[in-house]
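# What the coordinates show
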Amino acid sequence: MADRTRDRASDVWLAGYASIFDVADAGGDVVLPGAFGAVQGPVPLLWQHDAKEPIGFVERIAEDARGLRVVARVVASGRGAQAARLLEAGAIDGLSFGYRSRLRGGTGCAVCGRWSGWN
């Protein structure tokens, strides 16, 4: 495993929600409270969901009343350095996560009631 403590001073930290409960996302998916259960780290922070392009680590991840809150660190080297510069410039203002969900109901909207995958 890589040394996660290396030169943290130049890394960029971010915090926010990877998912808000009971609100359809851009793809029309709705995540329900409890869907993430006991998700635990470490979780890699990937550039554009590409496992070949890790840019950091999700250091803290937990459900709260609003949704899935994450605190992540972008490692300022490789692709992470580019992502860190874009974050600092305000060019990146969102976060997404990959998952598998089960279709429920007749709305055509995927409803994730229990977690079945992560990236």
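About the criteria used
Residues numbered from 1 in each chain as written. Predicted model: local features only at pLDDT ≥ 70, side-chain atom pairs only at ≥ 80, totals over all residues. Heavy atoms only, no water. Core = buried A, V, L, I, M, F, W, Y, C linked by side-chain atoms within 4.5 Å. Buried < 20%, exposed > 50% of the residue type's maximum accessible area, 1.4 Å probe, protein only. Helix = DSSP H or I, 4+ residues; strand = E, 2+ residues; numbered from the N terminus. Phe/Tyr/Trp six-rings, centres within 6.5 Å; stacked < 30°, edge-to-face > 60°. Lys NZ or Arg CZ within 6 Å of the ring centre and 35° of its normal. pLDDT = per-residue confidence, 0-100. Contact = heavy atoms within 4.5 Å. Pairing = 2+ DSSP bridges. Axes fitted to C-alpha atoms, helices over the stretch in contact; angles between N-to-C directions. Arc of directions from axis to C-beta.

Formed by 20 residues in total, the largest nonpolar core has its most connected members in Val31, Phe36, Leu45, Ile55, Val58, Ile61 and Val74. Secondary-structure elements contributing two or more residues to this core are strand E1 (12-20), strand E3 (43-47), strand E4 (50-63), strand E5 (67-74) and helix H1 (79-89). Take this core: its biggest share by element is four residues, from E5.

Once that is clear, we can look at the packing of aromatic side chains. For the structure on display, the rule yields zero aromatic pairs. Across the ring face of tyrosine 17, the terminal group of arginine 66 is positioned such that the distance to the ring centre comes to 4.8 Å.

This paragraph deals with the confidence of the model for the protein chain. Within the protein chain, residue pLDDT values average 78, and 74% of them lie at 70 or more. Per-element confidence in the protein chain ranges from a low mean pLDDT of 52 for strand E6 (residues 102-103) to a high of 91 for E5. The model gives residues 1-5 a pLDDT under 50, and that stretch makes five contacts with residues more than four places away or in other chains.

Turning to the pairing of E4, a few remarks are in order. Judged from the five bridges that link them, E3 and E4 form a sheet pairing that is antiparallel. When the sheet's bridge partners are listed, tryptophan 47 is paired in E4 with aspartate 50. Counted between consecutive antiparallel strands, the loop separating E3 from E4 contains two residues, among which glutamine 48 sits at a positive phi close to 55 degrees. Here seven bridges tie E4 to E5, and the two strands are oriented antiparallel to one another. Its bridge partner being in E5, isoleucine 61 is matched across the sheet by valine 70. Here E4 folds back onto E5 in antiparallel fashion, the turn holding three residues.

Let us now look at the sheet that holds E4. Reading across the sheet, the four strands line up as E1-E5-E4-E3 and stay open at both edges, with antiparallel pairing between neighbours. The open sheet is flanked by E1 and E3, the only strands paired with a single partner. Averaged over all pairs of adjacent strands, the angle between their axes in this sheet comes to 40 degrees, without regard to strand direction.

This paragraph deals with H1. Given 3.6 residues to a turn, an α-helix orients residues that are three or four positions apart in the same direction. Looking only at H1, the buried set comprises Gly80, Ala81, Ala83 and Ala84. Looking straight down H1, one finds that the buried residues subtend no more than 160 degrees of arc, so they occupy a single side. Relative to its buried face, H1 has exposed residues pointing more than 90 degrees away, namely Arg85 and Ala89. Tucked into the core, H1 has its buried residues touching E1, E3, E4 and E5. The first or second residue beyond H1 is glycine 90, which carries a positive phi of 85 degrees.

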